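# Summary of the model geometry
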Amino acid sequence: MDYKNSGVDIEAGYQSVELMKKYVQGTMRPEVLTGLGGFSGAFSAEALKGMEKPVLISGTDGVGTKLKLAFLLDKHDTIGIDCVAMCVNDIACAGAEPLFFLDYIACGKNVPEKIAAIVSGVAEGCKQSGAALVGGETAEHPGMMPEDEYDLAGFAVGVVDEKDMITGADVAAGDVIIGIASSGVHSNGFSLVRKIFKMDRETLNTYHESLGKTLGETLLTPTRIYVKALRAVRRAGIPIKGCSHITGGGFDENVPRMLPEGKRAILQKDSYPIPPIFSMLAKEGKVEERVMYNTYNMGIGMMLIVNASDADKTLAILQTSGECAYIIGKIADGEKGVTLC
């Protein structure tokens, strides 16, 4: 009896590392001091030297049951982008620049080519956000997980000068809320998605004219990463007074997180185009509108609060950065929360 007979293939682990090296290398930053394969990742603190009071901002998250679609369609090269996005978008809400990222993959069986495909997506997400992929772990769990399944989670660290942190403390009545378009459902609400649509290849591979692609392609579209767009706004000297990544819990849960007490967000539902996938979800699942806004991003993946005088300039910068952005509401005095009009 040996370890391989018990279900853990050490040689497959070595092969996975070799296959993923080319993807990881493409994420390197000058501050990275170690290579792949060590016991830890080292990142120089030189990046913090130019700041008055550098603050480290961290975030961790996973992809959730969106992974089930990747299993069904045997497509694993984009799900890593989702994992990175869920972490770096969160720390960007504090005004931080992502520095480095680590991933954790737990699998029933280590298939090196599949692991490398997953990591290729993680590396792509890191490149989109400017974070270095400094390490990770692939754990084989025979008897605990089905051989053809895995879970994926990640951890990101960023930095911001304390004076530049986005806290929401200065949000005032009359400020404008700008919404940046999502790429689709992103990585939240998939337990409900899987209840609404039949989860088989025939259903997922069906082309829909309204979507312009198959249902599976639409649902697996990676979460958009907003780090560079937010950076462009900050570098233009525009104060971002509040920022919210619209994830699980939709508008109701996430918008209040960028508000101080005594301020309310008034959002106009007809101020931007809602992607057709959300209309399809509501219709097929007979989901009430309020539940949709309390579950999904409804086409807005990130919201910013800026002074009314900065709104047009902010929109122009976001559009130059390749984002679709809209003025979707304003701030009013009142009980902390959200009003949808």
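Refer to the structure printed above.
Residues numbered from 1 in each chain as written. Predicted model: local features only at pLDDT ≥ 70, side-chain atom pairs only at ≥ 80, totals over all residues. Heavy atoms only, no water.

Once that is clear, we can look at the state of the cysteines. Tallied over the entire structure, the rule returns zero disulfides. Left unpaired, cysteine 126 is separated from the closest cysteine sulfur, that of cysteine 83, by 9.0 Å. (Disulfide = S-S within 2.5 Å.)

A word on unusual backbone geometry. Phi at lysine 286 is positive, roughly 50°, even though this residue is not glycine. Among the secondary structure elements, lysine 286 is positioned in the loop between helix H10 (276–285) and helix H11 (289–293). With a phi angle near 55°, methionine 298 is a residue other than glycine that sits in the positive phi range. Secondary-structure assignment places methionine 298 in the loop between H11 and strand S10 (300–306). On the accessibility criterion, methionine 298 (6% relative accessible area) is buried. (Helix = DSSP H or I, 4+ residues; strand = E, 2+ residues; numbered from the N terminus. Buried < 20%, exposed > 50% of the residue type's maximum accessible area, 1.4 Å probe, protein only.)

In this section: helix H8 (residues 227–235). Taken as a whole, H8 has its buried residues at Val227, Ala229, Leu230, Arg231 and Val233. With its phi angle positive at about 85°, glycine 237 sits one or two positions after the end of H8.

Okay, the packing of helix H3 (residues 79–92) against helix H4 (residues 112–129) next. Running from N to C, H3 and H4 cross one another at 40°; their axes reach a closest spacing of 6 Å. Taken together, H3 and H4 sit at an angle that is classed as oblique. In this structure, H3 meets H4 at a crossing whose hand is right-handed. Residues Ile79, Gly80, Ile81, Val84 and Val88 of H3 lie in contact with H4, whose contacting residues are Ile118, Gly121, Val122, Glu124, Gly125, Cys126, Gln128 and Ser129. Tallied by class, the residues present in the contact of H3 with H4 amount to seven nonpolar, five polar and one charged. (Axes fitted to C-alpha atoms, helices over the stretch in contact; angles between N-to-C directions. Parallel < 35°, antiparallel > 145°, perpendicular 65-115°, else oblique. Left-handed = near helix turned anticlockwise from the far one by under 90°. Contact = heavy atoms within 4.5 Å. Nonpolar A, V, L, I, M, F, W, Y, C, P; charged D, E, K, R; others polar.)

Turning next to the sheet that holds strand S3 (residues 132–140). Taken together, four strands build an open sheet; the order of strands is S1-S4-S2-S3 and the sheet is mixed. Only two strands of the sheet have a single neighbouring strand rather than two, namely strand S1 (54–62) and S3. Strand-to-strand, the axes of this sheet are offset by a mean angle of 15°, without reference to chain direction. Bridge count for strand S2 (residues 97–107) against S3 is eight bridges, and the pairing is parallel. Pairing of tyrosine 104 across the sheet is with glutamate 137, part of S3. Against the sheet, H3 touches S1, S2 and strand S4 (150–161), its axis set at about 30° to S4. Together, S2, S3 and S4 form the strand contacts of H4, whose direction differs from that of S2 by roughly 165°. (Pairing = 2+ DSSP bridges.)

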